[in-house]
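# Chain and residue survey
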Amino acid sequence: MNKLDGKTMDLVQHNIDELKKLFPEVITEGKIDFDRLRLLLGDEVDTGKEKYEFTWPGKSDCIRLSQQQSTGTLRPDKESSKDWDTTKNLYIEGDNLEVLRLLQKAYHRKVKMIYIDPPYNTGNDFIYKDDYKDNVKSYKEKTEQSMKANPATAGRYHSEWLNMMYPRLRLAKNLLSDDGAIFISIDDTELDNLKKICNEVFGEENFIACIAWHKNYASANDSKGFSSVLDYILVYRKSENFVRNLLPRTDKQNSLYKYDSNDGYGPWRPDNLSVKTYSKEYDFTIINPTTGVEYNPPKGRCWVTNKNTIDKWIKEGRVFFGQTGNGAPQLKRYLNEVQQGVVPITYWSYDECGHNDEARKEIKQLFSEPPFDTPKPTRLIKQILNISTNKDSIVLDFFSGSSTTAHAVMKLNSQDDGNRKFVMVQLPEPCNEDSEAYKAGFPNICEIGKERIRRAGENLKEEYKDKEGIENLDIGFKVFKLDTSNLKAWDPDVEELEGTLKGMVDPIKEDRTQEDMLYEIMLIYGIDLTIPLEEIQIKGKTAYSVGLGYMIVCLEDGLTLDVIEAIGAMKQSGQEIARVVFRDSGFADDNVKTNAVQLLKKFGIEDFRTI
Ligand SMILES: C[S@@+](CC[C@H](N)C(=O)[O-])C[C@H]1O[C@@H](n2cnc3c(N)ncnc32)[C@H](O)[C@@H]1O
């Protein structure tokens, strides 16, 4: 019988396993033989002292930090959730470093798009300081006190920001699916540093774009230097499997197609008939059939196709010689030929994607006094969703602030009948007691983020109430809160012998519920937190059927062989039970425990664990 060790994904071990797959010969007695690895890599090994690299104080520590396993867990909070039983969306309260660690197994390669809008390090924003020894404990202490910002005057100003970002990006990368991409908002302060660490974490070859977004429609006339009106969005893909979607055409773009020849092909606009990529076959003279004037392509260019095709097009009326028919040849570009969409460009105007003021107005429409100062417009996030997601993608935002990303996901789903799911992560950063937000009853940013999703979801249902299928729009979310593990063994406070011995009898902390433990088990196993769960009774004991019976968890005391027999009978009646988890101290006696293993094996259930 195996005991669940309560640990989440071990990234170092994962890396060793991956290396083992590639070069089994370099692992001796579970350790890596670096000399042999060097031999296998031949000339590609960089042995010189000087090399091109980007570094800062604390970099090695933050690589280590990103590989540490979490000692925390996520505890369900049904009360502040919405549509708990049916929703596939998640709202997680906690420091995102720890939350990303906890999601490593369950969301490994599952997220199609990550959008983040981290603190820009402008001096006024909040930079969370990680604790290298016990991050969860320190998080708990910090949330109970007030958190402190990284002031602009602090030494190592860029270093602290990099130390905060680097491990989070490393962990985020593991969650992206192979066809996924990450979009990161930033301004001039850290753009160059961010690009350098992203090149390192995601690989230079996976850089897709640096988008300039025109965020302000007015310039600041009191600005001492230049008035900055741009934000940037860095885009990196996980691998070459990422394919960007085309953007839907806007009415403004379609309005350029203002001619109609009533030839059954619909609206068109005149377009250039010549191209730059030269081909001798496409370089010939076109004669205007009305005037007989000869036209050659401009110097160094040629026509878009060969003479036969152009002659055919002239006969069919596909070549336009101006309104009077006396002009130079142009191509009739029909709207129905380009309707699939538009290739995104790297400049995003506020006409197209909104601006900061619009974002604040959006929040003001939901709350009378806007409780959050730095939101992004939903149109901006919708543009990103359009480019990078499919209708059923999982979208993650781990600096979610006022939950604009969740709002945009629900909005796009209601417009295109999508079923995208969101995962929001946000620190319960306290609101200043003098702020409007605090006075309006929002003690921290998580409360604002959750309330925005509730209000925005209801509004969308109302706005689209006449649309078929709108009743299926998922406007719910399951709330989880970061906390210390439910297992005593993981609590560094249980240090004395007496505590440890007691802990071995019952490993679960007294103030934790069976449901708390159930979700910790799901995280350890890497099971999606939104998978269907059912509370069932087995021979008078409460148990949980996870994923339609895939895993049965029973954490009750006094378990007898009756319970095991009943689980076996469920398997025999056709339920796909693959694993069973009990409490180690839950068996009526040692005999039951020993026989349980054999009995479950007899029923074909090999994966049997205890905690
Ligand atoms: C610029 S805001 C994001 C705004 C968001 N895009 C919106 O539209 O509302 C950055 C957010 O990241 C949060 N944050 C900072 N450090 C964090 C951490 N370690 N874990 C989770 N959230 C964090 C801050 O509390 C802040 O709300």
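Keep in mind the model is a prediction, meaning the values are calculated, not measured. (Residues numbered from 1 in each chain as written. Predicted model: local features only at pLDDT ≥ 70, side-chain atom pairs only at ≥ 80, totals over all residues. Heavy atoms only, no water.)

### Structural notes on the domain arrangement of the protein chain
Split into domains, the protein chain comes out as domain 1 (2-52), domain 2 (61-245 + 342-481), domain 3 (251-337) and domain 4 (506-610). Averaged C-alpha coordinates put domain 1 and domain 2 at centres separated by 33 Å. Every contact between the two is made by 8 residues of domain 1 and, on the other side, 11 residues of domain 2. Linking domain 1 to domain 2 there are 0 salt bridges. At the boundary of domain 1 with domain 2, the tally comes to 1 residue pair in polar contact (both at pLDDT 80 or more). (Domains from an automatic or database assignment. Contact = heavy atoms within 4.5 Å. Salt bridge = Lys/Arg side-chain N within 4 Å of Asp/Glu carboxyl O. Polar contact = N/O pair within 3.5 Å; in protein donor to acceptor, adjacent residues only side chain to side chain.)

### A short note on the environment of Leu533
By the element assignment, Leu533 lies in strand E21 (residues 533-538). Overall, Leu533 belongs to the partly exposed group, its relative accessible area being 28%. Residues Leu533 and Ile552, 19 residues apart in the sequence, show an inter-C-alpha distance of 9.9 Å. Apart from the residues lying within four places of it in its own chain, the contact partners of Leu533 are Leu518, Tyr519, Met522, Ser545 and Val546. (Helix = DSSP H or I, 4+ residues; strand = E, 2+ residues; numbered from the N terminus. Buried < 20%, exposed > 50% of the residue type's maximum accessible area, 1.4 Å probe, protein only.)

### Here's the deal with the pattern of salt bridges
The final tally for this structure, using the stated rule, is 39 salt bridges. A salt bridge links Lys21 to Glu18, with the nearest nitrogen and oxygen atoms 2.9 Å apart. Taken together, the residues Lys21 and Glu18, both in helix H1 (residues 11-22) and 3 residues apart, mark about one turn of the helix. Using a relative accessible area of 34% as the deciding quantity, one classes Glu18 as partly exposed. Lys465 is paired through a salt bridge with Glu462; the nearest N and O atoms lie 3.2 Å apart. Residue class for Glu462 comes out partly exposed when judged on its relative accessible area of 48%. Within the structure, one salt-bridge network assembled from shared partners comprises Arg75, Lys140, Asp483, Asp511, Arg512 and Asp516.

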